[in-house]
There are 2 protein chains.
Amino acid sequence: MEESTVLIVDDESAIRDMVTVALEVAGYRCLQAENARDAHALIIDESPDLVLLDWMMPETSGLELLRRLRRDELTAKLPVIMLTAKAEEDNMIQGLDSGADDYMSKPFSPRELIARIKSALRRQDAKNQEEPIQVDGLLFDPISHHVSINDKALSMGPTEFRLLSFFLSHQDRVYSRGQILDHVWGGNVYMDERTVDVHIRRLRKALGIDGHERFIQTVRGAGYRFSQKLVAD
Amino acid sequence: MEESTVLIVDDESAIRDMVTVALEVAGYRCLQAENARDAHALIIDESPDLVLLDWMMPETSGLELLRRLRRDELTAKLPVIMLTAKAEEDNMIQGLDSGADDYMSKPFSPRELIARIKSALRRQDAKNQEEPIQVDGLLFDPISHHVSINDKALSMGPTEFRLLSFFLSHQDRVYSRGQILDHVWGGNVYMDERTVDVHIRRLRKALGIDGHERFIQTVRGAGYRFSQKLVAD
DNA sequence: CGACAGCGTGACAATTATATGACACTAATG
DNA sequence: CATTAGTGTCATATAATTGTCACGCTGTCG
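This write-up is about the structure you can find in this document. Just so it is clear, the model here is predicted, and its values are computed rather than measured. (Residues numbered from 1 in each chain as written. Chains lettered and ligands numbered in written order. Predicted model: local features only at pLDDT ≥ 70, side-chain atom pairs only at ≥ 80, totals over all residues. Heavy atoms only, no water.)

The next subject is the protein's contact with DNA strand C. With respect to spatial proximity, 21 residues lie near DNA strand C, and among them Arg201(A), Thr218(A), Tyr224(A), Arg201(B) and Thr218(B) are the closest. In the interface set of DNA strand C, defined as its atoms within 4 Å of the protein, sugar plus phosphate atoms amount to 75%. A distance of 2.8 Å is found between a phosphate oxygen of DNA strand C and a side-chain nitrogen or oxygen belonging to Arg204(B). Here a phosphate oxygen of DNA strand C and a backbone polar atom of Gly221(B) are 2.7 Å apart. (Near = heavy atom within 4 Å. Polar contact = N/O pair within 3.5 Å; in protein donor to acceptor, adjacent residues only side chain to side chain.)

By the bridge criterion, 5 bridges tie strand S1 (residues 5-9) of chain B to strand S2 (residues 29-33) of chain B in an arrangement that is parallel. Looking across to S2(B), one finds that Thr5(B) is bridged to Arg29(B). (Pairing = 2+ DSSP bridges. Helix = DSSP H or I, 4+ residues; strand = E, 2+ residues; numbered from the N terminus.)

Residue and element names in this part refer to chain A. Scanning the model with the defined rule gives 10 salt bridges over all chains in all. We note a salt bridge from Asp197 to Arg177, for which the minimum N-O separation is 2.6 Å. Remark: Arg177 occurs in helix H7 (residues 177-185) and Asp197 occurs in helix H8 (residues 194-207); sequence separation between them is 20 residues. Residue Asp197 is classed as partly exposed on the basis of its relative accessible area, which comes to 25%. For Arg177, a relative accessible area of 23% puts it in the partly exposed group. Taken together, the salt bridges that share partners define one network made up of Asp102, Glu112 and Arg116. (Salt bridge = Lys/Arg side-chain N within 4 Å of Asp/Glu carboxyl O. Buried < 20%, exposed > 50% of the residue type's maximum accessible area, 1.4 Å probe, protein only.)

As structure tokens, then:
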């Protein structure tokens, strides 16, 4: 599976290190920032999957950063868990109102932290993945693992299924072969990029003549794009 | 790669010189202005890639200039890093709210300065690569690799796409064939400069009769210019 | 006017990118 | 163990793109 990246934002380095250790044991990648400004830069540059955000920080407060994140479309849906000292718990209502997904009071146990992170990531994933997706005549049900087009069931291999799944949640955007390899095959794969071509071919075949050039478009020199819109080339 | 131009705006010439040295060592081009009025003129004329802006200046303050830049569409997305004395740090919230991308407290180390500049330029690059650009009837979407004019999809080769992309982020300025070769074909290319002519021709063709002479103008003896404004030669 | 440089245009062959079919290898299944 | 479905790589076929060139037009300058 894909390794998720978590950004911890806190001005106390002890907290950051504790969290980092816990996260790495649990198989996450961890980034650190000690103030809101660095955090914002890291979020833009590294696009982490989740942010742990301390409430009280010098300069810009966590709440301000949170609001800033929510305002920008690129980061609007990024899961954020706020960290807070016991005494500030009352403020958390404000935090949740501003778009935090969860919060934890210091001190917290690493176990609980990991649990909440997992939960938040699962919810985020669920938002993107668990509902059946229907585009045009194509019905994709990730729970039952069924794919049909105009009520006619399709058959495809696991890789084609993942590939289709990836495309469905990333429509109208061109991905290079390398990016597709990363997302669909997961992590650091050393593999011939042309393999992607072959699986694209197989997926197209599986989608049948209807979806042949309709859904998956080749963008010469760039990669592939899934789109339900017909594009005049 | 491309050499970025940075404009330093400060009323203290010592600061300006120090920054200039640091920037030139790091491979940037550097412009100087000692007040907001000159700065504004330079921004319009030279279109720098980033502005270092002092907070306190006689006459117009940095903050006012910043607001002015943000109001004008042409300069709205120009990265601005504010410079501030320690004592004024509280005001920086106001600065960030007004659209500064970052700030630095004097005195600062050249290293840190360069790091922040790099980071800001990187972010700007990312933004430019991600956001669709619309000028007149022309819509350029780098994410989906779609180009359309008056909602009619256009088709063009990868090189024409890159060429258009370059022009869109460098409008209203004449580029020689050599410069275009450098920017669009990347780095040290040994190639017939007249190849550029051919690709200009292809791009014009792809843009259709509408954009034929409208967007890309020939400047005899100098090169080409992309502009949404009609220019009387 | 005439020579000339700068540019536009269409054609074309070389190059490069992508599509497709075949095959060997692996893991899963009964 | 035999069978089967699935995977990754390769060779070949097909298609799109690219750089160059030759030719013609147009404005410039003496």
